Amino acid sequence: MSRVLFVTSNGTGFGHLTRAMAIGRRLEPGLEPAIFTLSAAAPVVRRLGFAVDYLPSYRTPGAGSELAWHRRLRARVGALVDELDPGVLVFDGVHPYAALLGVLHDRPDLPAVWCRRAMWQPGAGREFLATEDAFDAVLEPGEL
């Protein structure tokens, strides 16, 4: 069975996780979703039947410096990729973290997809959008 590793940012709601789970539930037979998230809603995801791994966001009390947190994130995602050997990594978030981009750089044979919101405001997020070359594809689900 081939795995699809969904990596979601924490955001301020449940949107990134909801989208990852919605896609994960609709994968072709033979593909198994696994989720790595920065959202404290990880226990909910587990109760819904998904394999999930959690790392508290850098804004969480006790997370340490941002640099230390990014190092932990890179090591954790890298170890998870090595352990699960996914066929593809799908990042769902507004901006790819430097740590995630480092993992993708270290594993150029790992296909990667950035699932992100559509309909960006003109000029918004240019620094984030400039990182899309690190991904093999970009998925922008429509918005109402």
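Being a predicted model, the structure only gives us computed values, none of them experimental. (Residues numbered from 1 in each chain as written. Predicted model: local features only at pLDDT ≥ 70, side-chain atom pairs only at ≥ 80, totals over all residues. Heavy atoms only, no water.)

Trainee: I'd love a proper account of the overall build of the protein chain, names of residues and values included.
Mentor: Scanning the protein chain from terminus to terminus reveals five helices and six strands. Written out in order from the N terminus, the α and β elements of the protein chain read β-α-β-α-β-α-β-α-β-α-β. Its C-alpha radius of gyration of 15 Å places the protein chain within 12% of the 15 Å reference for a compact globule of 144 residues. Based on the C-alpha atoms only, the size of the protein chain along its principal axes is roughly 40 × 35 × 30 Å. For the protein chain, buried positions account for 41% of its 144 residues. Counting contacts in the protein chain only where the partners sit at least 6 residues apart, residues at least 24 apart contribute 57% of the total. Carbon and sulfur atoms make up 55% of the accessible area of the protein chain, which totals about 8000 Å². Across the protein chain, the 15 positively charged side chains and the 16 negatively charged ones have centroids separated by 8 Å. (Helix = DSSP H or I, 4+ residues; strand = E, 2+ residues; numbered from the N terminus. Rg over C-alpha atoms; globule rule 2.2 N^0.38 Å. Buried < 20%, exposed > 50% of the residue type's maximum accessible area, 1.4 Å probe, protein only. Contact = heavy atoms within 4.5 Å. Areas by Shrake-Rupley, 256 points an atom, 1.4 Å probe, with all protein chains shown as cover. Lys, Arg positive; Asp, Glu negative; His and termini not counted. Charge placed at Lys NZ, Arg CZ, Asp CG, Glu CD.)

Trainee: Residues and numbers for the pairing of strand β1 (residues 2-8), please.
Mentor: Judged by how many residues are buried, β1 sits mostly within the fold: five of seven residues are covered. By the bridge criterion, seven bridges tie β1 to strand β2 (residues 31-37) in an arrangement that is parallel. Bridge pairing links R3 to E32 in β2. By the bridge criterion, five bridges tie β1 to strand β4 (residues 88-92) in an arrangement that is parallel. What sits directly across from V7, in β4, is F91. (Pairing = 2+ DSSP bridges.)

Trainee: Report on the nonpolar core, specifying residues and quantitative values.
Mentor: Residues L5, F36, L73, V77, L89 and F91 are the most contacted members of the largest nonpolar core, which totals 23 residues. Looking at which element gives the most residues to this core, the answer is helix α3 (residues 66-84), with six residues. Apart from residues no more than four positions distant in its own chain, L89 is found in contact with L5, V7, V77, V81, L100, L104, L110, P111, A112 and V113. Residues A20, A41, V45 and F50 belong to the second largest nonpolar core, which totals 15 residues. (Core = buried A, V, L, I, M, F, W, Y, C linked by side-chain atoms within 4.5 Å.)

Trainee: Lay out helix α4 (residues 98-106) in plain terms, naming residues and giving numbers.
Mentor: Every buried residue of α4 is accounted for by A99, L100, G102, V103 and L104. Turning to α4, the residues buried within the fold contact α3, β4 and β5 (112-115).

Trainee: I'd like a rundown of the sheet that holds β1, residues and numbers included.
Mentor: Taken together, six strands build an open sheet; the order of strands is β3-β2-β1-β4-β5-β6 and the sheet is parallel. The open sheet has two edge strands, β3 (51-54) and β6 (137-139), and neither has a second partner. Looking at each pair of strands side by side, their axes are set apart by 20 degrees on average, direction ignored. Each of β1, β2, β3 and β4 is contacted by α3, which is oriented at about 165 degrees to β2, the strand it contacts most. (Axes fitted to C-alpha atoms, helices over the stretch in contact; angles between N-to-C directions.)

Trainee: Would you mind going over the pattern of salt bridges in detail, with residue names and values included?
Mentor: Under the criterion given, the structure shown has seven salt bridges. R19 is the partner of D92 in a salt bridge, and the nearest nitrogen-oxygen pair spans 2.6 Å. With D92 in strand β4 and R19 in helix α1 (residues 15-25), this pair connects stretches of sequence that are 73 residues apart. Its relative accessible area of 24% is what places R19 among the partly exposed residues. (Salt bridge = Lys/Arg side-chain N within 4 Å of Asp/Glu carboxyl O.)

Trainee: Give me the lowdown on the side chain of T131, citing residues and values where you can.
Mentor: Relative to the helices and strands, T131 resides in the loop between α5 (126-129) and β6. Residue T131 is classed as buried on the basis of its relative accessible area, which comes to 19%. Residues within four places of T131 in sequence aside, it is in contact with P96, L101 and W114.

By themselves, these are just geometric observations and shouldn't be taken as functional.
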